[in-house]
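Here is how the chains run, residue by residue.
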Amino acid sequence: MSSTPCWSPSLAKPAQVEDPSKYGVVVTDGEGKVERFVEKPRTFVGDKINAGIYCLSPSVLGRIEDRPTSIEKETFPLVAADSKLFAMVGWSRV
């Protein structure tokens, strides 16, 4: 197991799939900045899905409310809107 320090911005590690319509898609710009998440898209918006692997800055953890919360649906859209969430696309060791 390896650990890599992560500060700001935060990173999400999406996976590439052939049929993204069954998953939540991570939509990024050309620099890897997450623009938005689209849950089970009916039209093609991308083929990178949320794989549930994250490297989050402490500031993101502080934005998660103390109640049952979906970080993908409630927290990540806020962080992405602040331009502080990036996707690391491609192979990597976790």
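Notes on the structure follow. Just so it is clear, the model here is predicted, and its values are computed rather than measured. (Residues numbered from 1 in each chain as written. Predicted model: local features only at pLDDT ≥ 70, side-chain atom pairs only at ≥ 80, totals over all residues. Heavy atoms only, no water.)

As for the nonpolar core
Note the cut-off: We call a set of buried residues a nonpolar core when its members are Ala, Val, Leu, Ile, Met, Phe, Trp, Tyr or Cys and they connect through side-chain atoms within 4.5 Å of each other. Think of it in three bands: with a 1.4 Å probe and only protein chains considered, a residue is buried below 20% of the maximum accessible area for its type, exposed above 50%, and partly exposed in between. Working definition: helices are DSSP H or I runs of at least four residues, strands are E runs of at least two. Numbering for both runs from the N terminus. Note on definitions: a residue-residue contact is assigned when non-hydrogen atoms from the two residues lie within 4.5 Å.
The biggest cluster of nonpolar side chains holds 10 residues, and these are V26, V34, L56, V60, I71, F76, V79, A80, L85 and A87. The greatest single-element share of this core, amounting to four residues, is contributed by helix α2 (residues 71-81). When residues no more than four places from it in sequence are discounted, the contact partners of A87 are A12, P14, V26, T28, G32 and V34.

Let's talk about the packing of aromatic side chains
As a reminder of what qualifies: Stacked, edge-to-face and tilted are the three classes for Phe, Tyr and Trp ring pairs, Trp counted by its six-membered ring, which pair at centre distances within 6.5 Å; planes under 30 degrees apart are stacked, over 60 edge-to-face, the rest tilted.
Inspection of the entire model under this criterion finds two aromatic pairs. Centre to centre, the rings of F37 and F76 are 5.9 Å apart; their planes meet at 20°, and the pair counts as stacked. Here F76 lies in helix α2 and F37 lies in strand β4 (residues 34-39), a separation of 39 residues in the sequence. Owing to a relative accessible area of 22%, F37 belongs among the partly exposed residues under this scheme. Ring geometry for Y54 versus F76: centroids 4.8 Å apart, planes at 70°, classification edge-to-face. Highlighted residues: Y54 in strand β6 (residues 54-55) and F76 in helix α2, separated in sequence by 22 residues. Among the aromatic side chains, those forming a connected cluster through ring pairs are F37, Y54 and F76.

Observations regarding the pattern of salt bridges
Inclusion rule: A pairing counts as a salt bridge when a side-chain nitrogen of Lys or Arg comes within 4 Å of a carboxyl oxygen of Asp or Glu.
Within the structure shown, the criterion is met by five salt bridges. The salt bridge involving D47 is made with K48; its shortest N-O contact spans 2.9 Å. Between D82 and R63 there is a salt bridge, and its shortest N-O distance comes to 2.8 Å. Note that D82 is positioned in the loop between α2 and β7 (85-87) and R63 in the loop between α1 (58-61) and α2, a separation of 19 residues in sequence. With relative accessibility at 41%, the residue D82 sits in the partly exposed group. The exposure class assigned to R63 is partly exposed, which follows from its relative accessible area of 35%. Linked through salt bridges whose partners overlap, the residues forming this network are E65, R67 and E74.

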